[in-house]
Amino acid sequence: MTGADDSGAAGGDALERGRLFFAGECRFMLGVAALAQLPAAGPPEIAFAGRSNVGKSSLLNALTGRRDLARTSNTPGRTQQLNYFELGGPRLGTLYMVDLPGYGYAKVPKPQVEAWIRLLKAYLRGRVTLRRAMLLVDARHGIKGEDREIMSMLDEAAVSYQVVLTKIDKVKQSERDGLIARTQTEARKHVAAYPDLMVTSSETGEGIPELRAALAALAE
Ligand code: GTP
Ligand code: MG
């Protein structure tokens, strides 16, 4: 169960299209620190949301096969604005990918965290071109309180989202199936959540081709 079942039953063609799409051009567009700086609504957007340190920036790098497209760090709170990346082109379609600041990390000064969370909630709730939010969950920790808060908000705003387990390489083989099943059961209780999870590792590349296929299918 890598999510392949769900997202267009990622067959050979879909996987190949995903590979091609992510092998193409990818450029950093801009960083957004306030809603007023958002680019004009354009192509479909995919946002990468999740707790600090869950691996949002690493997943963007793994998807695009670029080591340092998005800045990653051991220190939670690395990403401090909405970072826009443009992918694709006229032939394969265009997609904006948006790397969001993390939530749920206590060590960054509180007013700053509150400002990020306000911005990211306003973005998630109000962005008309947001096609799907990928909600990243650390496979070692499972869905946490702050994730539930974001999930309920997305349910209420009717924003379609999909849970993506990250760092699956860190989970023991014996615990893997139970963890995936539990997370899936919880995701299925949410109206706006995709019923199937994606299971990924930016370290080993597990689930990356399937995620590429799912995202490429959303380009226009
Ligand atoms: P913020 O920007 O602070 O919200 O963090 P983030 O969610 O962007 O996390 P980031 O990609 O910076 O990764 C945080 C740490 O987790 C880094 O040390 C990464 O190397 C590590 N990491 C990310 N993905 C994986 C993975 O799939 N497996 C393993 N083992 N480590 C990972
Ligand atoms: Mg980051």
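Located above this text is the structure these notes cover.
Let us look at the structure shown here. Predicted model, so just to flag it, every value in this text is computed and none were measured.

### Brief notes about the site of ligand 1
Turning to step 1, where the next piece is worked out: Close to ligand 1 lie 22 residues, the nearest being Lys56, Ser58, Asn74, Gly77 and Asp169.
Turning to step 2, where the next piece is worked out: Residue Ser58 places a side-chain N or O atom 2.6 Å away from an oxygen atom belonging to ligand 1.
Turning to step 3, where the next piece is worked out: Protein contacts shield 89% of the accessible area of ligand 1, which totals 660 Å² for the unbound molecule.
Turning to step 4, where the next piece is worked out: Looking at the shell around ligand 1 residue by residue, the class counts come to two nonpolar, 13 polar and seven charged.

### Examining the packing of helix α2 (residues 56–64) against helix α6 (residues 208–216)
Turning to step 1, where the next piece is worked out: Taken N-terminus to C-terminus, the directions of α2 and α6 make an angle of 85°; their axes are 10 Å apart at the nearest point. In terms of axis orientation, α2 runs roughly perpendicular to α6. In this structure, α2 contributes Leu59, Ala62 and Leu63 to the contact, and α6 contributes Ile208, Leu211, Arg212 and Leu215.
Turning to step 2, where the next piece is worked out: Within the contact of α2 with α6, the residues separate by chemical class into six nonpolar, no polar and one charged.

### A closer look at the packing of aromatic side chains
Ring pairs (aromatic) are described by centroid distance and by the angle formed between their planes.
Turning to step 1, where the next piece is worked out: The tally for this structure, following the rule as stated, stands at three aromatic pairs.
Turning to step 2, where the next piece is worked out: Relative to Phe22, the ring of Phe21 lies with its centre 5.4 Å away and its plane at 75°, an arrangement referred to as edge-to-face. Assigned by exposure class, Phe21 and Phe22 land together as buried.
Turning to step 3, where the next piece is worked out: A cation over a ring is seen here: Arg132 above Tyr194, with NZ or CZ 3.9 Å from the ring centre.

### Here's the deal with the pairing of strand β3 (residues 82–89)
For a regular strand, side-chain orientation follows a simple rule: the groups alternate between the two sheet faces.
Turning to step 1, where the next piece is worked out: In terms of residue burial, β3 counts as a mostly covered element, since six of its eight residues are buried.
Turning to step 2, where the next piece is worked out: Relative to β3, strand β1 (residues 26–32) is paired through six bridges, and the arrangement is antiparallel. Paired with Phe28 across the two strands is Phe85, which belongs to β3.
Turning to step 3, where the next piece is worked out: Judged from the seven bridges that link them, β3 and strand β4 (residues 93–99) form a sheet pairing that is antiparallel. Directly across from Gly88, in β4, lies its bridge partner Thr94.

So, how was this worked out
Per chain, residues are indexed from 1 in the order of the written sequence. Think of it this way: whatever chain is written first is A, whatever ligand is written first is 1, and the rest follow in order. Owing to the predicted nature of the model, reporting of local features is limited to residues with pLDDT of at least 70; listing and counting of side-chain atom pairs is limited to 80 or more, with chain, interface and lining totals taken over all residues. Excluding hydrogens and water, the side-chain figures rest on all heavy atoms present in the structure. The cutoff for a nearby residue is simple: one of its non-hydrogen atoms must lie within 4 Å of the molecule or strand. Side-chain atoms alone can form a polar contact between residues adjacent in sequence; in general such a contact is a pair of N or O atoms within 3.5 Å, and within protein one must be able to donate a hydrogen while the other accepts it. Only the protein chains shown count as cover for residues, with accessible areas throughout obtained via the Shrake-Rupley method and a probe of 1.4 Å. In this classification, the charged set is Asp, Glu, Lys and Arg, the nonpolar set is Ala, Val, Leu, Ile, Met, Phe, Trp, Tyr, Cys and Pro, and all remaining amino acids, among them Gly, are polar. For helices, the fitted line uses only the C-alpha atoms of the stretch in contact; every axis is such a line through C-alpha atoms, and the angle between N-to-C directions lies from 0 to 180 degrees. Comment: elements are numbered from the N terminus, with helices defined as DSSP H or I runs of at least four residues and strands as E runs of at least two. Orientation is classified from the angle alone, with under 35 degrees giving roughly parallel, over 145 giving roughly antiparallel, 65 to 115 giving roughly perpendicular, and any other angle giving oblique. A contact between two residues is defined here by any heavy atoms of the two lying within 4.5 Å. Within 6.5 Å between ring centres, the rings of Phe, Tyr and Trp (the latter by its six-membered ring) count as paired, and their orientation is classed by plane angle as stacked under 30 degrees, edge-to-face over 60, tilted in between. When a residue's accessible area, from a 1.4 Å probe over protein chains only, is under 20% of the maximum for its type it is buried; when over 50% it is exposed; and in between it is partly exposed. Throughout this description, the term charge over a ring refers to an Arg CZ or Lys NZ atom that lies within 6 Å of the ring centre and within 35 degrees of the ring normal. At least two DSSP bridges between two strands are needed for those strands to be called paired.

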